[in-house]
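Residue strings, one per chain:
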Amino acid sequence: MRWTWVRSIRGKARRLGPEPTDAALLAALAWQVELGADEAISDTPVDRFAASAPTPSTPATSATPAQPRAPDGAAQARADARHGSGVPTPESPPDTHTLAESANSLAELAEAMKSWDGTPLKATAKNFVFSDGHTGSRLMVVGEAPGADEDRIGRPFVGRAGQLLDKMLAAIGQSRTDEDPAKSVYIANILPWRPPGNRTPSEQEVQSYLPFMERHIQLAKPEVIFAVGNTSVKALLNTQTGIKRLRGNWHRHPRLDLPVMPSFHPAYLLRQAQDKRLAWRDLLALRAVLDGENT
């Protein structure tokens, strides 16, 4: 690169005065770099002082008639829609409300959710994550979405956050492995697929899968819902109020008329250990209702 510049500058300098020194050439090169020149255009000097001969004008020829440009795909689709060309278009994914209501068992619901292609989450996840624990449990825990461990194994709440959840539930006498409906727990997430990078689910994704979740609750038939995390709480209660204002108080599911106790997500508690004392109060309130107290 440097040699090409020096040759070019040297060729110009010969026509301006005495032979420049190497130091002068390098200084000139440095100045051009300072001005923004960062690459050579050719390997040989270009004589910028030589007058170029005028290019003879070319007589105008008869213009070739312009050919009409074919419309692009989007424009063609809009035109077809306006004029009803009858060209078939890809079918939209089935409505999740319809799919959810058509499921008469948890197995049918899982199959409907697994086959639905309304979001790209399915393409980036490894495994479909439906539920864990025992159906028929009085208590159902509803989380947000699978994480990396859940995506790898195919079960909800199996990573560090899941281990903390198990400890929280065990502290009030509940377990996902117990077969007694009074002591067991049934667990699911709003989304069955892991969002890329463990990001927070978008509002559109949540609303798309919410009909599935509500049907899931209907088929599981819990008596009490323990909703953990902002995403699940806002979705189930149809509110924009934050978890810190909602937790610790009983709410009713607006459509299913079930008691809902909002609380912090175990993953949040792993980061904010000082709020475990608040989560413990939520668990005690949950235990009281399971023992027969009114919400």
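Residues numbered from 1 in each chain as written. Predicted model: local features only at pLDDT ≥ 70, side-chain atom pairs only at ≥ 80, totals over all residues. Heavy atoms only, no water.

S.K.: What is the right way to look at the overall build of the protein in this model?
M.R.: Check the secondary structure of the protein and you find 13 helices and six strands. A sequence separation of at least 24 residues applies to 69% of the contacts in the protein between residues at least 6 apart. (Helix = DSSP H or I, 4+ residues; strand = E, 2+ residues; numbered from the N terminus. Contact = heavy atoms within 4.5 Å.)

S.K.: How should I be thinking about the pattern of salt bridges in this particular structure?
M.R.: Where charged atoms of side chains with opposite charge meet at close range, the side chains can pair. Under the definition given, this model contains 11 salt bridges. Of the charged contacts, one joins lysine 122 and aspartate 117 as a salt bridge, the two residues approaching to 3.1 Å between their closest N and O atoms. Judged by relative accessible area, aspartate 117 falls into the exposed class, the value being 51%. Note that arginine 199 is salt-bridged to glutamate 205, the shortest N-O span being 2.7 Å. Judged by its relative accessible area of 36%, arginine 199 is partly exposed. For glutamate 205, a relative accessible area of 7% gives the class buried. Within this structure, Asp132, Arg155, Asp166 and Arg176 form a network of salt bridges that share partners. (Salt bridge = Lys/Arg side-chain N within 4 Å of Asp/Glu carboxyl O. Buried < 20%, exposed > 50% of the residue type's maximum accessible area, 1.4 Å probe, protein only.)

S.K.: Would you mind showing me how to read the layout of surface pockets here?
M.R.: The method is simple in principle: a probe with the dimensions of a water molecule rolls over the atoms, and the space it marks as empty is what remains. Taken as a whole, the largest pocket encloses approximately 660 Å³ of empty space. Along its surface, the largest pocket is lined by 27 residues, and Glu144, His265, Ala267, Tyr268 and Arg271 are the ones closest to its centre. Looking at side-chain class alone, the lining of the largest pocket contains 12 nonpolar, eight polar and seven charged residues. (1 Å grid on protein atoms, 1.4 Å probe; cavity = no way out; pocket = protein on both sides within 12 Å on 5 of 7 lines; lining within 4 Å. Points joined across faces, edges and corners; volume = space filled by probe spheres on them. Nonpolar A, V, L, I, M, F, W, Y, C, P; charged D, E, K, R; others polar.)

S.K.: Mind showing me how you'd approach the side chain of serine 208 here?
M.R.: The topology assignment puts serine 208 in helix H9 (residues 203-220). Setting aside anything within four residues of it in sequence, one finds serine 208 in contact with Thr96, Trp116 and Thr119.

S.K.: Even after reading the chapter, I still don't get unusual backbone geometry, so can you show me in this structure?
M.R.: Excluding glycine, most residues fall at negative phi; most peptide bonds, likewise, are trans. Positioned with a positive phi, phenylalanine 157 is a non-glycine residue whose angle comes to about 55 degrees. Judged by relative accessible area, phenylalanine 157 falls into the buried class, the value being 5%. Of note in this structure, asparagine 198 is not a glycine but carries a positive phi near 60 degrees. Mapped onto the elements, asparagine 198 comes out in the loop between strand E3 (185-189) and H9. On the basis of relative accessibility, which here comes to 42%, the residue asparagine 198 falls in the partly exposed class.

S.K.: It is not clear to me how the packing of H9 against helix H10 (residues 230-237) should be interpreted in this structure. Could you clarify?
M.R.: When two helices pack together, their arrangement is given by the angle between the helix axes and the distance between those axes. Running from amino to carboxyl end, H9 crosses H10 at an angle of 75 degrees, the nearest separation of the two axes being 10 Å. Between H9 and H10, the angle is such that the two are roughly perpendicular. Contact residues: H9 offers Val206, Leu210, Met213 and Ile217, while H10 offers Thr231, Ala235 and Leu236. Considering only residue class, the contact of H9 with H10 consists of six nonpolar, one polar and no charged. (Axes fitted to C-alpha atoms, helices over the stretch in contact; angles between N-to-C directions. Parallel < 35°, antiparallel > 145°, perpendicular 65-115°, else oblique.)

S.K.: How should I be thinking about helix H8 (residues 160-170) in this particular structure?
M.R.: The periodicity of an α-helix, 3.6 residues per turn, causes residues three or four positions apart to be oriented the same way. Three or more residues of H8 are buried, namely Ala161, Gly162, Leu164, Leu165, Met168 and Leu169. In an axial view of H8, the angular spread of the buried residues amounts to 160 degrees, which keeps them on one side of the axis. Among the exposed residues of H8, those pointing more than 90 degrees away from its buried face are Arg160, Lys167 and Ala170. Elements in contact with the buried residues of H8: strand E2 (139-143), E3, helix H12 (266-271) and helix H13 (276-290). (Arc of directions from axis to C-beta.)

S.K.: Quick question: what am I supposed to make of the sheet that holds strand E6 (residues 259-263) here?
M.R.: Strand pairs in the sheet, formed through backbone hydrogen bonds, run parallel or antiparallel to each other. Taken in spatial order, the six strands of this open sheet run E1-E3-E2-E4-E6-E5, and their pairing is mixed. The sheet is open, and its two borders are formed by strand E1 (131-133) and strand E5 (251-252), each paired with just one other strand. Note: E2 against E3, five bridges, orientation parallel. Paired with valine 142 across the strands is alanine 188, a residue of E3. (Pairing = 2+ DSSP bridges.)

S.K.: In this structure, what is going on with the side chain of aspartate 151? I would like to understand it.
M.R.: Mapped onto the secondary structure, aspartate 151 falls in helix H7 (residues 148-153). Buried and unpaired, aspartate 151 has no salt bridge, with arginine 194 as the nearest side chain of opposite charge at 4.3 Å. Apart from the residues lying within four places of it in its own chain, the contact partners of aspartate 151 are Ala125, Lys126, Asn127, Val129, Pro146 and Arg194. (Lys, Arg positive; Asp, Glu negative; His and termini not counted.)

S.K.: How do you make sense of H9 when you look at a structure like this?
M.R.: Along its 18 residues, H9 runs 25 Å from first to last C-alpha, staying within 8% of the 26 Å computed at 1.5 Å per residue. Among the 18 residues of H9, 14 are classified as buried, and the element is accordingly described as predominantly covered. In the segment just after H9, lysine 221 is the residue with positive phi, at about 60 degrees. (Expected span 1.5 Å × (residues − 1).)

S.K.: So what exactly am I meant to see when it comes to the pairing of E6 here?
M.R.: Of all five residues making up E6, five are buried, and the element is well covered by its neighbours. Burial along E6 is two-sided: the residues Pro259, Met261 and Ser263 and Val260 and Pro262 are all buried. In this sheet, E6 lies alongside strand E4 (residues 224-228) in parallel orientation, the contact comprising four bridges. Each residue of the ladder has a partner; that of alanine 227, found in E6, is proline 262. Where E5 lies against E6, two bridges are found, and the strand directions are antiparallel. Bridge pairing in E6 links arginine 252 to proline 259. Where E5 folds back on E6, the antiparallel hairpin that results is connected by six residues, among which aspartate 257 adopts a positive phi of roughly 55 degrees.

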